[in-house]
Amino acid sequence: MSNAHHSPHVEVLKSAGYRVTRARLAVLAVLEAEQGHITSAGVIAQVERIDPTIGRASVFRALDLFTQLGIIRPTYIDTSLTPTYVMMRGGHHHHVICTACKSFFEFEDCGLEAVTGNLERTLGIKISGHLLEFFGVCADCLPGASGGS
Ligand SMILES: [Zn+2]
Ligand SMILES: [Zn+2]
Ligand SMILES: [Zn+2]
C-alpha cells in the first residue's frame, strides 16, 4: 500500500499546491489498488484498515479534492445518490454497464482523440479527460439467455 508514495498522483497533488497528508496518501493507495469502481463507503472501510486514526470526514474531503483535480470521477449507477468513484487512468475511463444486472465491462481503447481535438478547437476548452459510459443488456440478461430462471 505504501507504493502510493511513488504515485504520479502525488505529483499532481504537489504541483497543484496541495500538501501530501496521511489521509490523502491513504485514500490514494486505496484508489490505486482498486482496479474498478469503489464507493466512498468502500474507501472508508479500506482506509480504516490502513490507518484507523483517519476520520471519514478526511476521506470525503480527499475524494472531493481528487475529483476536482481530475484523478477520479464520480459515477452514478442506477439513480443512486451515492457515487461510485473510478480512477481516471491516463485521463480517461470507459465502460459498458448492463442495466439489468449492473455488470461492468471495462475497456481501454476509446479512439476519441479526434473528437477531443475537435472539441478543443471549436470550444476553446483544454480537455483534461473524459468518462464514457455505454449501457445496455448483457448476454446473460438478454431474453432467452440460458441459466436464467
Ligand atoms: Zn468503469
Ligand atoms: Zn446483465
Ligand atoms: Zn478514452
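Small disclaimer: the values here were computed from a predicted structure and weren't measured. (Residues numbered from 1 in each chain as written. Chains lettered and ligands numbered in written order. Predicted model: local features only at pLDDT ≥ 70, side-chain atom pairs only at ≥ 80, totals over all residues.)

Now for the sheet that holds strand 6 (residues 130–136). With mixed pairing, three strands are arranged side by side in an open sheet as 5-4-6. The sheet is open, and its two borders are formed by strand 5 (104–106) and strand 6, each paired with just one other strand. Adjacent strand axes in the sheet meet at a mean angle of 25 degrees, parallel and antiparallel pairs treated alike. Where strand 4 (residues 92–98) meets strand 5, three bridges bridge the pair, whose relative direction is antiparallel. Paired with His-95 across the strands is Glu-106, a residue of strand 5. (Pairing = 2+ DSSP bridges. Helix = DSSP H or I, 4+ residues; strand = E, 2+ residues; numbered from the N terminus. Axes fitted to C-alpha atoms, helices over the stretch in contact; angles between N-to-C directions.)

This part is about the sheet that holds strand 1 (residues 37–39). If you walk across this open sheet you meet the three strands as 1-3-2, and the pairing is antiparallel. Whereas interior strands pair on both sides, the edge strands pair on one side only; in this sheet they are strand 1 and strand 2 (72–75). Recorded for the sheet is a direction-independent mean angle of 35 degrees between the axes of neighbouring strands. By the bridge criterion, three bridges tie strand 1 to strand 3 (residues 84–87) in an arrangement that is antiparallel. Bridge pairing links His-37 to Val-86 in strand 3.

On domain assignment, one finds that the protein chain holds domain 1 (1–87) and domain 2 (90–140). For domain 1 and domain 2, the distance between their C-alpha centres works out to 21 Å. Every contact between the two is made by eight residues of domain 1 and, on the other side, nine residues of domain 2. (Domains from an automatic or database assignment. Contact = placed C-beta atoms within 7 Å.)

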